[in-house]
Amino acid sequence: MQTEKLEQVRSVAADTRGKHRISAELKRLEQETRFLEEELDQLEKMEAASTACKEILSNVETRPDPLLPTTNGPTNPSWDRWFEGPPDKTGCRCWIL
């Protein structure tokens, strides 16, 4: 008889832990649902991304980059020889080119 009472007490204790876990999981899911609904509301209020991208692109294309110098050609023409290949590739014995 005591074993039956002990089993009943254990089952009730296990049941309350299960209920607590289920209610905690339910609260977490409700909170996540609320966050997702708020994010959807924010997305609906935002303007289309394509128009914003077009506006940024037009601003970037029309303004020169202040950190880059504007040159129409090489500043020093002798520097071009470092960026070109050798004039006669058969005579070149270097491994890089």
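Residues numbered from 1 in each chain as written. Predicted model: local features only at pLDDT ≥ 70, side-chain atom pairs only at ≥ 80, totals over all residues. Heavy atoms only, no water.

*Asks:* I tried to follow the overall build of the protein chain on my own but got confused; where do I start?
*Replies:* Secondary structure summary: the protein chain contains 3 helices and 0 strands in total. Counting from the amino terminus, helix and strand elements in the protein chain follow one another as α-α-α. Here the protein chain holds 97 residues, and the buried ones make up 0% of them. Surface accessibility of the protein chain: about 10,200 Å² in total, with carbon and sulfur atoms responsible for 58%. (Helix = DSSP H or I, 4+ residues; strand = E, 2+ residues; numbered from the N terminus. Buried < 20%, exposed > 50% of the residue type's maximum accessible area, 1.4 Å probe, protein only. Areas by Shrake-Rupley, 256 points an atom, 1.4 Å probe, with all protein chains shown as cover.)

*Asks:* Is there a simple way to think about a negative patch on the surface in this case?
*Replies:* On the surface, a cluster of negative charge is made up of Glu37, Glu38, Asp41 and Glu44. When you line up the elements, Asp41 lands in helix α1 (residues 2-45). Using a relative accessible area of 40% as the deciding quantity, one classes Asp41 as partly exposed. (Patch = residues over 30% accessible without salt bridge, like charges linked within 9 Å, V, L, I, M, F, W, Y side chains within 5 Å. Salt bridge = Lys/Arg side-chain N within 4 Å of Asp/Glu carboxyl O. Lys, Arg positive; Asp, Glu negative; His and termini not counted. Charge placed at Lys NZ, Arg CZ, Asp CG, Glu CD.)

*Asks:* Hey, could you run me through the pattern of salt bridges in this one?
*Replies:* A side chain with one charge can pair with a side chain of the opposite charge if their charged atoms come near. Summed over all chains, the structure comprises 2 salt bridges. Between Arg28 and Glu25 there is a salt bridge; the shortest N-O distance is 2.7 Å. On the criterion of helical spacing, the pair formed by Arg28 and Glu25 is a turn pair, its members being 3 residues apart in helix α1. Judged by relative accessible area, Glu25 falls into the partly exposed class, the value being 37%. Its salt-bridge partner being Arg28, residue Glu32 comes within 3.1 Å of it at the nearest N-O pair.

*Asks:* Before we go on, may I ask you to explain a nonpolar patch on the surface in this structure?
*Replies:* A cluster of nonpolar residues, Leu40, Leu43 and Met46, forms a patch on the protein surface that exposes about 320 Å² of accessible area. Inspection of the secondary structure puts Met46 in the loop between α1 and α2 (49-62). With a relative accessible area of 54%, Met46 lands in the exposed category.

*Asks:* Would you mind going over the confidence of the model for the protein chain with me for this structure?
*Replies:* Caution is warranted with low-pLDDT regions, since their predicted coordinates should not be read in detail. Taken residue by residue, the protein chain gives an average pLDDT of 76. The fraction at 70 or more is 57%. No element of the protein chain has a lower mean pLDDT than helix α3 (residues 80-83), at 66, and none a higher one than α2, at 83. (pLDDT = per-residue confidence, 0-100.)

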